[in-house]
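# Residue-level structure breakdown
The residues making up each chain are set out below.
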Amino acid sequence: MRSRRSFLALLGVAGAAGIAACGFRSPDAVYAQPPGVVPPQYGGRERVVFWHSYSGRNGKVLDEIVGRFNDSQDDVYVEAQYQGSYDDTAQKVAASLIASQVPDIAIFSDVTWERFYLNDALEPFDAYFRPGFDPSVYEPRLFGEGVLQGRSWWIPFARSTPLLYFNRDAFAEAGLPDRAPETWSELREWAPALARVQSAGRSLRSLAFLKVDGDWQFQGNVWQFGGAYSNGLDITIDEDGAVAAGEWQRQLIQDGFGYMASSVTTDFANGLVAMAQDSTGALRTVMENSSFTVGAAFVPGEVDSAVATGGGGIGMMRNASPERKQAAAVFLAYLARPEIAAHWTVETGYLPVVTAAQQEPALVDLIAQEPNYGVAIRQLPRARQQDAIRLYGRNANVAIYTGLQQIYADNAAPRDVFRSMARRLESIADEVRRQYEEKVRP
């Protein structure tokens, strides 16, 4: 029987070594819910606990949607509970399994749900599908990422790709075209013109690279230069394509046109950098917080143009009671309504994961008024699921962005950094290879 320590270690939970190595109950045991009560106005309903990772504007929009659901019917009450970042939420779900007290559904990121799947903590959705809540409702590319061995384990919700945000006013002042660069080579060619624009008393730099979690954006950059993080779990980050992507970024910084930032979108909105590569889900916030005209565009290509999908989806916990699972499915069917999916996209900028949402008047009108909201939809044919090592390897993302920091901050040679990183990633891959071969391979 799996130990608590090994389960937390696989999930990368801090303090796992201090957990006593006593076994889990049966995987099919029914666990309690986190504490809470159904408010009197919703009395007599089945309570569903939904743990999520959305704060600020996006959290308010989610709370509004949950409130509308609770007011729309008489059988189910959903209690949405914010748990922190994607990583925070995953760690709390892991701890809840140890405590035998789990939420019924939870948001998992693109790189956390797989670990719960590998450890038999998720319930497949297939038995809960119904007309209006079934695979045909969803954008096939996004829905398919949650399907393994013929069953659905992860429902798309707040899905995203990177976009390239650019300061149209600065581009005009620099005498550049009113569009984003189409290739990374073109971006480099435009950098000197942007440097002649003054911002906060200094030359405007072209592009900022994210200090933490920039490995998601870099996933697409590696593909764009003809490389990959891995082929299955076989590590390829030290090969020429990935090295070329790292070298392009290193050189941009050394030439004075790029730098490492704690928050690329904050710096961009404050006018400190001309371009930022960040999530579709930041679109609404970026546009509201910027004092200049924001452009949104496809991420530049080079020898390829692929971008990585990302963001969050919903998983159902295997150890919830049958009644709670059925009630949770009622809520998921509500989220799958085109008008609800469109509302989430309109208010946040995340991709419309329900195909019919693209025809909803609210979204159609918004894109007509502000074309930036249609960019991610048009870029979606270029999107693809990330390489397996980032999805399945515990803390592979940390190993990658830590290596990138050496390139950005220390001017380290990418080939040397990635050669060392490859050895670390190979060890990470070996930890999960058996489970990957058993539960992921067709």
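Residues numbered from 1 in each chain as written. Predicted model: local features only at pLDDT ≥ 70, side-chain atom pairs only at ≥ 80, totals over all residues. Heavy atoms only, no water.

### Re the overall build of the protein
- In terms of helices and strands, the protein carries 18 helices and 19 strands.
- Taking 2.2 N^0.38 as the reference for a compact globule, 442 residues should give roughly 22 Å; the C-alpha atoms of the protein span a radius of gyration of 22 Å, in line with that estimate.
- Considering only C-alpha atoms, the protein reaches an extent of 65 × 50 × 35 Å along its principal axes.
- For the protein, the residues scored as buried account for 60% of the 442 residues in total.
- Summed over all atoms, the accessible surface of the protein reaches about 16,900 Å², with 48% contributed by carbon and sulfur.
- A gap of 4 Å separates the mean positions of the 41 positive and 52 negative side-chain charges of the protein. (Helix = DSSP H or I, 4+ residues; strand = E, 2+ residues; numbered from the N terminus. Rg over C-alpha atoms; globule rule 2.2 N^0.38 Å. Buried < 20%, exposed > 50% of the residue type's maximum accessible area, 1.4 Å probe, protein only. Areas by Shrake-Rupley, 256 points an atom, 1.4 Å probe, with all protein chains shown as cover. Lys, Arg positive; Asp, Glu negative; His and termini not counted. Charge placed at Lys NZ, Arg CZ, Asp CG, Glu CD.)

### Re helix α7 (residues 184–195)
- In a regular helix each residue adds 1.5 Å, so 12 residues correspond to 16 Å; α7 covers 17 Å between its end C-alpha atoms and thus fits that length.
- If you check which residues of α7 are buried, you get Trp-184, Glu-186, Leu-187, Trp-190, Ala-191, Ala-193, Leu-194 and Ala-195. (Expected span 1.5 Å × (residues − 1).)

### Structural notes on the sheet that holds strand β14 (residues 258–261)
- Taken in spatial order, the five strands make up an open sheet running β14-β11-β15-β8-β16, and their pairing is mixed. Both outer strands of the open sheet, β14 and β16 (294–297), are each paired with one neighbouring strand and no more. Neighbour-to-neighbour, the strand axes of this sheet turn through a mean angle of 30 degrees, independent of strand direction.
- Pairing of strand β11 (residues 205–210) with strand β15 (residues 273–279), which is carried by three bridges, proceeds in the parallel orientation. Looking at the pairing, Ala-208 lines up with Ala-276 of β15. (Pairing = 2+ DSSP bridges. Axes fitted to C-alpha atoms, helices over the stretch in contact; angles between N-to-C directions.)

### Description of the confidence of the model for the protein
- Confidence in the prediction for the protein averages 93 pLDDT; 94% of positions are at 70 or higher.
- Segment residues 1–7: pLDDT under 50, and 25 contacts once partners within four positions in sequence are set aside and those in other chains are kept.
- A low-confidence stretch, residues 13–24 (pLDDT under 50), is modelled with 26 contacts involving residues beyond four sequence positions or located in other chains. (pLDDT = per-residue confidence, 0-100. Contact = heavy atoms within 4.5 Å.)

### With respect to the nonpolar core
- Within the largest apolar cluster, 148 residues are counted, with the highest numbers of intra-cluster contacts made by Phe-133, Ile-237, Phe-418 and Leu-425.
- Contacts of Phe-418, omitting those with residues within four sequence positions, involve Phe-218, Ile-237, Asp-238, Ala-242, Val-243, Gly-246, Leu-404 and Ile-407.
- One finds Trp-223, Ala-228, Ala-306 and Ala-308 within the second-largest nonpolar core, a separate group that totals five residues. (Core = buried A, V, L, I, M, F, W, Y, C linked by side-chain atoms within 4.5 Å.)

### Here we look at the pattern of salt bridges
- Considering all chains together, one arrives at 22 salt bridges under this definition.
- Between Glu-145 and Arg-159 there is a salt bridge, with its nearest N and O atoms 2.9 Å apart. Here Glu-145 is found in the loop between α5 (140–144) and β5 (147–148), whereas its partner Arg-159 is found in strand β7 (residues 155–160), with 14 residues between them in sequence. The two residues Glu-145 and Arg-159 agree in class, both being buried.
- Residues Glu-182 and Arg-179 are paired through a salt bridge, measuring 4.0 Å at the closest nitrogen-oxygen approach.
- Salt bridges linked by common partners bring Arg-57, Glu-288 and Glu-347 together as one network. (Salt bridge = Lys/Arg side-chain N within 4 Å of Asp/Glu carboxyl O.)

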